[in-house]
Amino acid sequence: MTEKLTLIAPEIALFVTTCVVMVLGLSPSLAARKMCAWISGLGLVIAAGLAVPAVLDVQTASAATGIFPSMQPYMKGLIAVVGLMLLPMMSGTVDREMETMIAAGRAKYEALRANRAEFYSFFLFSLTGLMLTVSADDLIWLFLALELTSLPTYIMVTISTRSTRSQEAGVKYFFIGALGAAVFLYGFALLYGATGSTSLAEIHRVLAAQEFGPEGGLSPIAIAGLVISLLGLGVKIAAVPMHFYVADVYQGAAAGVTAMLAFVPKAAGFVAIILLAGAVGWGHEAEPRQLPDALHWTLWILAAATMTAGNVLAALQSSVKRMLAYSSIAHSGYMLAGVMAGPGERGFFDDGIAAVLFYLLCYGVMNVGAFAVLAAIERRDGRETDEIDDIRGLHRRHPHLAAAMLLCSLSLLGLPPLLGFFGKLGLFTAVISTGTADMYALAVVLGINSAIAAFYYLRLVMAAYIDAPDEAREAELEPVARPTRTIAAMVSAGGVVVLLAVVGPLMGFSLEAAGFSSELDGAGFEAGRGAQLEPETPTPAPSPEAD
C-alpha cells in the first residue's frame, strides 16, 4: 500500500490542489478567485517535482505496475509541463462577462453563476486522470483513469464559450465518448474472460502461455477483446473510423480547451494502447517485436487510414481550428505506426515505443503554440478568430504571434531542424528497422502523408506572412492580443527551438521510459514453454505393489 501511495504522489498533489481551487473559485473576493490559475500552476509544479526519478523511484514503480515502470517519471513530468503550458490559455475563458459587470457595479457576485472554480478544477481533474492512466496496472484502474481523463473535458467544452456551438459540441463529444467507453470496456471484459485476471502483468503471462503453448495461438475471445479494446480507444486518439466528432468539437470549444483536447485524451489513449500491446505482444524471447496478426493488421489499417484521412481532410478546410483538428487525427496515425514497430534492441532510432513517447513530448509542445495564436487574437465582440482570413497579414499586427505560428506550423510539419523533425525521424526509423515488407509499405504511406501535410501547414505560414490582410476582418479584431495567451504562444514557439539543445538527452529519457519490465521479460515465454512441455512428460504406470 505504501508503494502504491508513493507511486501516485503526483496525482495526490494535483487532487489536493483541485480541492483548494474548488474552494477559492467560489470566494466572494475577486483577488481570491484570481488565485485559481496561480494555485493550479503551483500544483502542477509540485506534481512535476514529485514525478522526477529521484523522487518517484523506478524500482517501486516496477513492483507496482510490472509492464512499463520507467514510463511513469517521464510521462508524469511531461503531463505536468504541458499542463503548465496550457494553463495561461485558460485565462479569461469563463466568467469574463460576469466579472466585467461586477467590476462596473452592474451586478453582484453569485456563486451559483460562477464557473471559474469548476473550470480549473475540471482541468486539473483531467490531468490527474491522465497521470493515473500512466500508473495503471489493472484493467479496472485503466478504465476508471481513462474516464476521469475524459469526463471533465465534456463539461469544459460545453462551458468554454457562451455560444450554442459550444453546447452542441459538448453534447456530441459526450455521446461519442460514452460510446467509445462502452466499446473498450466490453473489450476489457472479453480480455478478463480470456485470461481470468484484470492485472496487466497476469494477462501478459496468460496470453504468452497461450501464444507459445500446445495450441499455438491466442484464444478467439482474447483476440476479440484486444481488437474491440483498440477500436474503443480509437475515440481517445481520434483514429479512423472513430474520428467524426473531432472537427465539430474542436471548432465549437474555446481555443484553450481545444489545445487541451488535442493532447490530453490523445496521450491517455496512446498510453492505454501501449500498455495493452505490452500485455499481449512484447517481453518474451521469441519474436519480441511481433504482435498477434489480428492486432498487427488492425493497427496497420488504423494507422494508414487515420493519417491519410486526417491529412486529406485538413487540406480541404478554411477554418484553422478544423484544419488543426484533422491534423491532430493525422498525428495519431503517425504514432500508431510507432506502436506497431514495438520495442527495439539497438537504441532510440530502433524503438517504436520510445519514438511514440518522444513524439508525444514534441506534439504537446508545438501543438500548444498553434492554438495559442488563435486564442490570443479576438474579435471586438469577444469571439475568437477561426478562419484563415483572420490571420492574413498577421505579421503586420502581431509579428511575435506570426513568428510563433511559423515555428509551430513548420515543426508540426516536421521540417528540419525543428523539434518536430526529430519526432518524425524517430517514427520513420523505428518503422523501417522492423525489416518487414508491410512496415516498409507503411513507411511509404507515412512519407506521402507528410508531403500532403506540407500543403496546409505552409498555407498557414503564407497567410501569416505573405497574404495581404483582409481590411474588413482586421477592423473587427482587437488591437492588442490577450497577454497570458500570447505568453503561451511564445513559450511553445521557444520550446520548439530551445529543446533542440537537449534533444539527445530527451531521446535518452524516452528510450529509458520505453523499457519493458525486467520482471516480465521472458516470463510469459517460459510459462508457455512449460505448458508446451507438460503434455510430453510421461505419466508413471501404477506399481503392482500398490495393489
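Residues numbered from 1 in each chain as written. Predicted model: local features only at pLDDT ≥ 70, side-chain atom pairs only at ≥ 80, totals over all residues. Heavy atoms only, no water.

### Let's talk about the packing of aromatic side chains
Summed over the entire model, instances satisfying the criterion amount to 14 aromatic pairs. When the ring of Tyr154 is compared with that of Phe174, the centres are 5.7 Å apart and the planes differ by 85°; the resulting orientation is edge-to-face. On the criterion of sequence distance, the pair formed by Tyr154 in helix H8 (residues 139-159) and Phe174 in helix H9 (residues 164-195) is long-range, its members being 20 residues apart. Accessibility expressed as a relative area gives 6% for Tyr154, which makes it buried. Judged by centre distance (6.4 Å) and plane angle (70°), the ring pair of Tyr250 and Phe371 falls under edge-to-face. Residue Tyr250 is located in helix H12 (residues 246-252), and its partner Phe371 is located in helix H16 (residues 352-376); the two are separated by 121 residues in the primary sequence. Phe371 shares its class with Tyr250; the two are buried. Site record: aromatic cluster; members linked through ring pairs are Tyr154, Tyr173, Phe174, Phe175 and Tyr245. (Phe/Tyr/Trp six-rings, centres within 6.5 Å; stacked < 30°, edge-to-face > 60°. Helix = DSSP H or I, 4+ residues; strand = E, 2+ residues; numbered from the N terminus. Buried < 20%, exposed > 50% of the residue type's maximum accessible area, 1.4 Å probe, protein only.)

### So, H9
Residues spaced three or four apart along an α-helix face the same direction, because each turn holds 3.6 residues. Here H9 is 32 residues long and its end C-alpha atoms lie 47 Å apart, about the 46 Å a rise of 1.5 Å per residue gives. N-capping of H9 is provided by Ser163, with a side-chain oxygen placed 3.0 Å from the backbone N of Arg165. Just beyond H9, the residue with positive phi is Gly196, at close to 75°. (Expected span 1.5 Å × (residues − 1). Polar contact = N/O pair within 3.5 Å; in protein donor to acceptor, adjacent residues only side chain to side chain.)

### As for the confidence of the model for the protein
In low-pLDDT regions, the fine details of the predicted coordinates are not to be read closely. Looking at the protein, the pLDDT average stands at 85 and 86% of residues meet or exceed 70. Across the protein, H8 holds the top mean pLDDT of 94, while helix H24 (residues 523-533) sits lowest at 44. Confidence drops under a pLDDT of 50 for residues 541-547, and excluding neighbours within four residues, the segment shows 0 contacts in the predicted structure. (pLDDT = per-residue confidence, 0-100. Contact = heavy atoms within 4.5 Å.)

### Considerations on the packing of helix H18 (residues 399-413) against helix H22 (residues 483-498)
Helices that pack against each other are described as a pair by the angle of their axes relative to one another and the distance between those axes. For the pair H18 and H22, interaxial distance at closest approach is 9 Å and the crossing angle is 45°. What the angle tells us is that H18 and H22 run oblique. In the packing of H18 onto H22, the handedness of the crossing is left-handed. Listed contacts from H22 to His400, Leu401, Ala404, Leu407, Cys408 and Ser411 of H18 are Thr486, Ala489, Met490, Ser492, Ala493, Val496 and Val497. Its residues assigned to classes, the contact of H18 with H22 comprises 9 nonpolar, 4 polar and no charged. (Axes fitted to C-alpha atoms, helices over the stretch in contact; angles between N-to-C directions. Parallel < 35°, antiparallel > 145°, perpendicular 65-115°, else oblique. Left-handed = near helix turned anticlockwise from the far one by under 90°. Nonpolar A, V, L, I, M, F, W, Y, C, P; charged D, E, K, R; others polar.)

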